[in-house]
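Residues per chain, in single letters:
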Amino acid sequence: MAPAMSSLGGFWSGFWALQDAAEWIPFSAFLGGLVAFNRSDWSRNIHESLWSLSLPREKLAEAMATRTGAFGLYLYFGLYLSFAIIDAFQAPQWIVRHKVQNTKQPPPFRKSLRAIFWGMVESIPVLTIFNTFVVNPVWRQRIGMEKLMSIPSTWQCVSELVALQILNELIFYTVHRSMHTKLLYKLVHKMHHENITPFASSGNYAHPLETLLSTGLIVGIPIMLVVPHPSVLWFYTSWRNVESATAHCGYYIPGLCANTLFHDWHHRAFDGNYGFSPNLDYIFGTIHPKYPAWLANYRQERSQKVAAEENHDSMADLVDPYEESTDVKREI
Ligand SMILES: [Zn+2]
Ligand SMILES: [Zn+2]
């Protein structure tokens, strides 16, 4: 094989080694859910009730965007409280047996509640102000009446949600990587890294400036650039809540959680793995040097565990290989 081909082959084999098809299921489910929703009477009824108000363009856009906030809030409390209860009671077993850092204690209930409360008094106000005065006015200004008065086609649902997600990933990677420069880390990002063993609501435990720069920009810029249909907006903001909660929740349940292993590692190692998914880190060479070996080990141990459970063998917890051989130093 020619050298160029062989290095290209090496590139792709390294790329695929970091992928887990099951991690694509949650986003695909949101995409499928968005398409199915807009093919249903449920969507038609919601849209027709809004259209019947006969509002001018900007007022109609505002009424539709308000539903986004409501969707996001239900998810915020529903998701984080559910994970707080799972952590506190260590049940049900089908979830807690997937704990990634399985030698670490789960967070006590009050710690999860403290992070949820912090989100209520800090993240929600900061994001509400940013969305009200920056993102929503730009989106309302740019969206046409024709789009507001239509139910999106399958192609429109897919293209808009995928474009939002790609931009979201690019901006998150850029902002998060810059947060790991010395000054920004000390002044802003250090607070988010207080939790070396992350849990769902710790995703929102961050300095207000980080909430603004990270969450505000990574959710807001794609919306202002893509100008999605309101129903795409509802699913996109909901997906962002789910992606952040599952990336931090500490349980990797294949098919239900996205980017858990990759971001969990970032919280342990303090550098590298800056994206939510490994794609951009792989391209820009910022995958943590110990992550590929840990991932290969984790997968092997997980398949052994599944085989042991199928054979009704010992259910004893396997030791996390990272705990055994850690020499990554905390760099603050
Ligand atoms: Zn970080
Ligand atoms: Zn995090």
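Cut-offs applied
In every chain, residue numbers begin from 1 and rise along the written sequence. Both sets of labels track the order of writing: A upward for chains, 1 upward for ligands. For this predicted model, a pLDDT threshold of at least 70 governs which residues receive local features, and a threshold of 80 or more governs which side-chain atom pairs are given and counted, while totals over whole chains, interfaces and linings are taken from all residues. UniProt positions are given in the numbering used here, feature names are shortened, and annotations may be inferred rather than shown by experiment. Helix and strand definitions here come from DSSP, where helices need a minimum of 4 consecutive H or I residues and strands a minimum of 2 consecutive E residues; each element is numbered from the N-terminal end. Residues are called buried when their C-beta atom has 20 or more other C-beta atoms within 10 Å, exposed when it has 12 or fewer, and partly exposed otherwise; all C-beta atoms are positioned from the backbone. Here, residues touch in the contact sense if the C-beta positions derived from the backbone fall within 7 Å of one another. Scored from 0 to 100, pLDDT records how confident the predictor is in each individual residue. In this analysis, axes come from line fits to C-alpha atoms, helices being fitted only over the stretch in contact, and the angle between any two N-to-C directions falls in the range 0 to 180 degrees. In this scheme the crossing of two helices becomes right-handed for a clockwise turn of the near helix relative to the far one and left-handed for an anticlockwise turn of less than a right angle. Every angle not falling under 35 degrees, over 145, or within 65 to 115 is termed oblique; those three ranges are roughly parallel, roughly antiparallel and roughly perpendicular. Classification convention: Asp, Glu, Lys, Arg as charged; Ala, Val, Leu, Ile, Met, Phe, Trp, Tyr, Cys, Pro as nonpolar; all other residues, Gly among them, as polar. For a helix, the expected span equals 1.5 Å multiplied by the residue count minus one. Note on terminology: a nonpolar core is a set of buried residues of type Ala, Val, Leu, Ile, Met, Phe, Trp, Tyr or Cys, with members joined through C-beta atoms within 7 Å.

- Looking at an unreviewed UniProt entry, one finds the chain named Fatty acid hydroxylase domain-containing protein and attributed to Gonapodya prolifera.
- Within the UniProt record for the chain, the comment given under Subcellular location (unreviewed entry) is "Membrane".

Digging into the overall build of the chain
So, step 1. Across its full length, the chain holds 15 helices and zero strands.
So, step 2. Across the 332 residues of the chain, 35% fall into the buried class.
So, step 3. Across the chain, contacts joining residues at least 24 apart in sequence account for 74% of those joining residues at least 6 apart.

A few points about the UniProt feature "transmembrane region" (unreviewed entry) in the chain
So, step 1. Per the UniProt annotation, the sites labelled "transmembrane region" (unreviewed entry) are residues 73–95 and 115–139.
So, step 2. Taken end to end, residues 115–139 comprises 100% helix and 0% strand; its first and last C-alpha atoms sit 30 Å apart.

Observations regarding the confidence of the model for the chain
A low pLDDT means the predicted coordinates there should not be read in detail.
So, step 1. Of the residues in the chain, 90% have a pLDDT of 70 or more, and the chain-wide mean is 87.
So, step 2. When the criterion is pLDDT under 50, residues 324–332 qualifies, and its contacts beyond four places in sequence or with other chains add up to seven contacts.

Observations concerning the environment of Glu194
So, step 1. Residue placement: Glu194 occurs in the loop between helix H9 (182–187) and helix H10 (208–226).
So, step 2. Judged by local crowding, Glu194 falls into the exposed class, with 11 C-beta atoms found within 10 Å.
So, step 3. Linking Glu194 and Ala206, residues 12 residues apart in sequence, is a C-alpha distance of 9.3 Å.

Observations concerning the packing of helix H2 (residues 25–38) against helix H8 (residues 154–179)
So, step 1. Where H2 meets H8, the closest approach of the two axes is 9 Å, and the angle between their N-to-C directions is 145°. You can see that H2 and H8 cross each other, and the crossing is right-handed. Here Phe27, Leu31, Leu34, Val35 and Asn38 of H2 lie close against H8, whose contacting residues are Thr154, Cys157, Val158, Leu161 and Gln165.

A closer look at the packing of H8 against helix H11 (residues 230–248)
So, step 1. Between H8 and H11, the least distance of the axes is 10 Å, while the angle of their chain directions is 40°. On the basis of their axis angle, the class for H8 and H11 is oblique. Seen along the crossing, H8 lies across H11 with a hand that is right-handed. For the pair H8 and H11, contact is made by Cys157, Glu160, Leu161 and Leu164 and by Val232, Phe235 and Tyr236, respectively.
So, step 2. Residues that form the contact of H8 with H11 fall into these classes: six nonpolar, no polar and one charged.

Notes on H11
So, step 1. The end-to-end C-alpha distance of H11 is 28 Å, a good match for the 27 Å that 19 residues give at a rise of 1.5 Å each.
So, step 2. Buried residues dominate H11, accounting for 18 of its 19 residues.
So, step 3. Just downstream of H11 lies Gly250, where phi reads positive at about 90°.

Here's the deal with the nonpolar core
So, step 1. Tyr80 and Phe83 are the most contacted members of the largest nonpolar core, which totals 56 residues.
So, step 2. Contributing elements (two or more residues each) for this core: helix H4 (57–89), helix H6 (109–142), H8, H10, H11 and helix H12 (260–269).
So, step 3. Per-element accounting of this core gives the leading share, 10 residues, to H4.
So, step 4. Every residue in contact with Phe83, bar those within four places of it in the chain, is listed here: Phe199, Ala200, Ser201, Ala245 and Cys249.

Structural notes on H8
So, step 1. Here H8 contains 26 residues, and its C-alpha end-to-end distance of 37 Å stays within 8% of the 38 Å for a straight helix at 1.5 Å per residue.
So, step 2. Buried within H8 we find Cys157, Glu160, Leu161, Leu164, Gln165, Asn168, Phe172, Tyr173, Val175, His176 and Met179.
So, step 3. In this structure, the buried residues of H8 make contact with H2, H9, H10, H11 and helix H13 (279–284).

Side note on unusual backbone geometry
Excluding glycine, residues mostly carry a negative phi; peptide bonds, for their part, are mostly trans.
So, step 1. Note the cis peptide between Ala91 and Pro92, where omega equals 0°.
So, step 2. We note that Ser54 has phi near 50°; this positive angle belongs to a residue other than glycine.
So, step 3. With respect to the helices, strands and loops of the structure, Ser54 is situated in the loop between helix H3 (41–51) and H4.
So, step 4. With 7 C-beta atoms counted inside 10 Å, the residue Ser54 sits in the exposed group.

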